[in-house]
Amino acid sequence: HHDMITSCFSDSDSVPQIMSRLRTFSSSAESGELAGKLLATLSRMSPRSLVVTHRLLTQAPSRTYEECFAMEFNAAQEIVRSGEFKEGVRALLVDKDNAPQWDPPTLEEVTEEMVEEYFVKRSPQWEPLRL
């Protein structure tokens, strides 16, 4: 499955591209089952959080450990502030309906402005992690 994983995840520039490549591989004899499972799992996740996670992962190689920890800490704070975490907990643990109402509901509706919110310095109550 190495080729499929590399093609879908390492060589992709965006989450929509990852999803598209997983759809392509899901019909292959060799990696179809795994690609289908990955596609199904990612399709249930918060579109906004998927894009934020992709950006965190693609920016990490050019950052120091301290910068990565601070960047992830700030993103985690914004996930809580934005309501994405609360909605995921509600759908999975509280109501147990497994039907989260993500905002926005699709990858195509995630804007650069939404994602940028996870990478800006917050007011004093949202201080960056100091290591």
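Keep in mind that what you see is a predicted model, and the values were worked out from it rather than measured. (Residues numbered from 1 in each chain as written. Predicted model: local features only at pLDDT ≥ 70, side-chain atom pairs only at ≥ 80, totals over all residues. Heavy atoms only, no water.)

Let us now look at the overall build of the protein chain. Of regular secondary structure, the protein chain possesses 7 helices and 0 strands. Ordered by position from the N terminus, the helices and strands of the protein chain form the series α-α-α-α-α-α-α. Once the C-alpha set of the protein chain is aligned to its principal axes, its extents read approximately 55 × 40 × 25 Å. Expressed as a percentage of its 131 residues, the buried residues of the protein chain come to 32%. Long-range contacts, defined as pairs at least 24 residues apart, comprise 58% of the intrachain contacts of the protein chain with a sequence gap of at least 6. Looking at the protein chain as shown, the accessible area adds up to about 8,400 Å², and 57% of this sits on carbon and sulfur atoms. Within the protein chain, one finds 14 positive and 21 negative side-chain charges whose respective centroids are separated by 5 Å. (Helix = DSSP H or I, 4+ residues; strand = E, 2+ residues; numbered from the N terminus. Buried < 20%, exposed > 50% of the residue type's maximum accessible area, 1.4 Å probe, protein only. Contact = heavy atoms within 4.5 Å. Areas by Shrake-Rupley, 256 points an atom, 1.4 Å probe, with all protein chains shown as cover. Lys, Arg positive; Asp, Glu negative; His and termini not counted. Charge placed at Lys NZ, Arg CZ, Asp CG, Glu CD.)

Here we come to the packing of aromatic side chains. Given two aromatic rings, their pairing is described by the distance between the two centres and the angle made by the two planes. Scanning the model with the defined rule gives 0 aromatic pairs in all. Just above the ring of Phe119 sits the side chain of Arg55; from NZ or CZ to the centre is 5.1 Å. (Phe/Tyr/Trp six-rings, centres within 6.5 Å; stacked < 30°, edge-to-face > 60°. Lys NZ or Arg CZ within 6 Å of the ring centre and 35° of its normal.)

Quick look at the nonpolar core now. Within the largest apolar cluster, 11 residues are counted, these being Met4, Cys8, Val15, Ile18, Met19, Leu22, Ala35, Leu39, Leu42, Leu50 and Leu107. Mapped onto this core, the elements with two or more residues apiece are helix H1 (2-10), helix H2 (15-25) and helix H3 (32-44). If one sorts the elements of this core by residue count, H2 sits on top with 4 residues. With sequence-adjacent residues up to four places away left out, Ile18 is seen in contact with Cys8, Phe9, Ser12, Leu42 and His54. Grouped together as the second largest cluster of nonpolar side chains are 8 residues, Met71, Ala75, Val115 and Tyr118 included. (Core = buried A, V, L, I, M, F, W, Y, C linked by side-chain atoms within 4.5 Å.)

Right, let's get into helix H4 (residues 47-59). With 13 residues, H4 should reach 18 Å at 1.5 Å per residue; the first-to-last C-alpha distance of 19 Å fits that figure. Pro47, Arg48, Ser49, Leu50, Val52, His54, Arg55 and Leu56 are the residues of H4 that are buried. (Expected span 1.5 Å × (residues − 1).)

Taking 1.5 Å per residue, 13 residues should reach 18 Å; H3 reaches 19 Å between its end C-alpha atoms and fits that length. Residues Gly32, Ala35, Leu39 and Leu42 constitute the buried set of H3. Along the axis of H3, the buried positions cluster into a sector of 100 degrees, meaning they face one direction only. Turned more than 90 degrees from where H3 packs its buried face, Glu33, Lys37 and Arg44 sit exposed. (Arc of directions from axis to C-beta.)

Before going further, it helps to spend a moment on the packing of H4 against helix H5 (residues 65-82). One way to put it is that H4 packs onto H5 with a least axis distance of 11 Å and a crossing angle of 175 degrees. Taken together, the axes of H4 and H5 lie roughly antiparallel to each other. For the pair formed by H4 and H5, the contact residues are Arg48, Ser49, Val52, Leu56 and Gln59 on the first element and Met71, Glu72, Ala75, Ile79 and Ser82 on the second. Of the residues belonging to the contact of H4 with H5, the class tally is 5 nonpolar, 3 polar and 2 charged. (Axes fitted to C-alpha atoms, helices over the stretch in contact; angles between N-to-C directions. Parallel < 35°, antiparallel > 145°, perpendicular 65-115°, else oblique. Nonpolar A, V, L, I, M, F, W, Y, C, P; charged D, E, K, R; others polar.)

On the surface, Leu92, Leu93 and Val94 cluster together into a nonpolar patch covering about 320 Å² of accessible area. Following the sequence through the fold, Val94 ends up in helix H6 (residues 84-94). (Patch = residues over 30% accessible without salt bridge, like charges linked within 9 Å, V, L, I, M, F, W, Y side chains within 5 Å. Salt bridge = Lys/Arg side-chain N within 4 Å of Asp/Glu carboxyl O.)

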